[in-house]
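This is what each chain is made of:
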Amino acid sequence: MKKILLILMMCVSVAAQAKDKKDDTPYLAGAVPEVNGVVTFSKSFKVPGKNKQQIYSILKAWAANLVENSIEAPGNYARFVMDKTDTIVAKVCEFQVYKDKFLNLDRSRFRYSISIVIDDNKVSLSQYGLVYYYGETPEGNGGTVYRAEEWITDGHALNKARTKLLPQSGKFRRKTVDRAKQLFESAMDAFEVQEKPKAEPVAKVRKNIVED
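Keep in mind that this is a model prediction, so the values were computed, not measured. The residue count restarts for each chain, going from 1 along the sequence in the order it is written. The predicted nature of this model means local features are confined to residues of pLDDT at least 70 and side-chain atom pairs, given and counted, to a pLDDT of 80 or more, with totals for whole chains, interfaces and linings taken over all residues. With hydrogens and water stripped out, all remaining heavy atoms of the structure feed into the side-chain values.

### Some words on the environment of asparagine 208
Let me state the cut-off plainly: Strands are runs of DSSP state E lasting at least two residues, helices are runs of H or I lasting at least four, and both sets are numbered from the N terminus onward.
Along the chain, asparagine 208 turns up in the loop between α4 (167–189) and β9 (210–211). Residues asparagine 208 and lysine 50, 158 residues apart in the sequence, show an inter-C-alpha distance of 9.2 Å.

Shown next, in the form of structure tokens:
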């Protein structure tokens, strides 16, 4: 009987480990692009049927939402630094959460810049200037500052064989790659007409966007 219980316990443990194991394939070599040594995530798409002014108005509102919902930080960092009909640049500050459990909140303050360039009906988005403030007090004191170029690049966040993420910097890399994707998806969704939710979930099809 004891042997049976031991075998069952081992099976449960193995199953739990398999469930908790993350598939890091999307975050391995090449997942964090660099432009002239600067970590830069980018996305371009076209918006047929809309002119530059219309595109500007929609993306200005989208960027303003990021700025307005930024967390309070020393120096009032979140703001627009350029606002023209063909170029918008905004600085954003938010929390990047790695674990949020009872008495165990693991997060960093995450700052970055968003650049929006509009050329006719084509949009080029970039996220760069990524900085992490890890282990701060609630008042923003102490902790360690990491710049993306020295923390989440292939040379800093992957093992030598580039087959696994390193435990500490790897969690920053995962969240950052996911966040870049979320930002770009959100920007494209801003052009979609909001409809009432349907009873059954359906695959998303963007009618107003042509991705490059």
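Now that the structure is up, let's keep going.
### Let's talk about the packing of aromatic side chains
Spelled out, the test is: For Phe, Tyr and Trp, rings pair up if their centres lie within 6.5 Å, where Trp contributes its six-membered ring, and each pair is then called stacked (planes under 30 degrees apart), edge-to-face (over 60) or tilted (otherwise). Remark: exposure states derive from per-residue accessible area (1.4 Å probe, protein chains only) relative to the maximum for the residue type, with buried under 20%, exposed over 50%, and partly exposed in between. Only Lys NZ and Arg CZ are tested; either one counts as a charge over a ring when it is within 6 Å of the ring centre and within 35 degrees of the ring normal.
For the structure shown, the criterion picks out ten aromatic pairs. Note on phenylalanine 110 and tyrosine 132: the rings are 5.1 Å apart at their centroids and 10° apart in plane angle, and the pair reads as stacked. Within this pair, whereas phenylalanine 110 is found in strand β6 (residues 104–119), its partner tyrosine 132 is found in strand β7 (residues 122–134), the two being separated by 22 residues in sequence. Judged on exposure class, the residue phenylalanine 110 and its partner tyrosine 132 are both buried. Aromatic side chains tyrosine 132 and phenylalanine 172 sit 5.3 Å apart centroid to centroid with 85° between the ring planes, which places their arrangement in the edge-to-face category. In this pair, tyrosine 132 is assigned in strand β7 and phenylalanine 172 in helix α4, connecting sequence segments 40 residues apart. Of the two residues, tyrosine 132 and phenylalanine 172, neither departs from the other in class, the shared state being buried. What links up through ring pairs into an aromatic cluster is the set Tyr98, Phe110, Tyr112, Tyr132, Tyr134, Tyr146, Trp151 and Phe172. We note arginine 79 situated over the ring of tyrosine 77; from NZ or CZ to the ring centre the distance is 5.9 Å. Cation over ring: arginine 107 sits above phenylalanine 95, and NZ or CZ is 3.6 Å from the ring centre.

### Some thoughts on unusual backbone geometry
The phi torsion at aspartate 120 lies on the positive side, around 60°, for a residue other than glycine. Residue placement: aspartate 120 occurs in the loop between β6 and β7. Looking at aspartate 120, the relative accessible area reads 52%, which means it is exposed. Phi is positive for arginine 162, which is not a glycine, with a value near 60°.

### Remarks on the side chain of glutamate 94
Our working rule: Identification of polar contacts relies on pairs of N or O atoms within 3.5 Å, with a donor-acceptor requirement for protein atoms, meaning one able to donate a hydrogen and the other able to accept it, and with residues adjacent in sequence counted only if both atoms are side-chain atoms. Residue contacts follow a heavy-atom distance rule, with two residues in contact if any of their heavy atoms lie within 4.5 Å.
Mapped onto the elements, glutamate 94 comes out in strand β5 (residues 87–101). Relative accessible area serves as the criterion here: at 14%, glutamate 94 is assigned to the buried category. Among the polar contacts made by the side chain of glutamate 94, one reaches the side chain of tyrosine 112 at a distance of 3.1 Å. Here glutamate 94 is in contact with Ile71, Ser108, Arg109, Phe110, Tyr112 and Arg179, once residues within four sequence places are set aside.

### Regarding the layout of surface pockets
Stated formally: Grid spacing is 1 Å over the protein atoms alone, the probe is 1.4 Å, and a cavity is where that probe fits but cannot get out, while a pocket is an open set with protein on both sides within 12 Å along at least five of seven lines and lining residues have an atom within 4 Å of a point. Grid points are joined across faces, edges and corners, and a volume is the space filled by probe spheres set on the points.
Volume-wise, the second largest pocket comes out at about 300 Å³. Broken down by element, the lining of the second largest pocket gets its largest block of residues, five residues, from β6.

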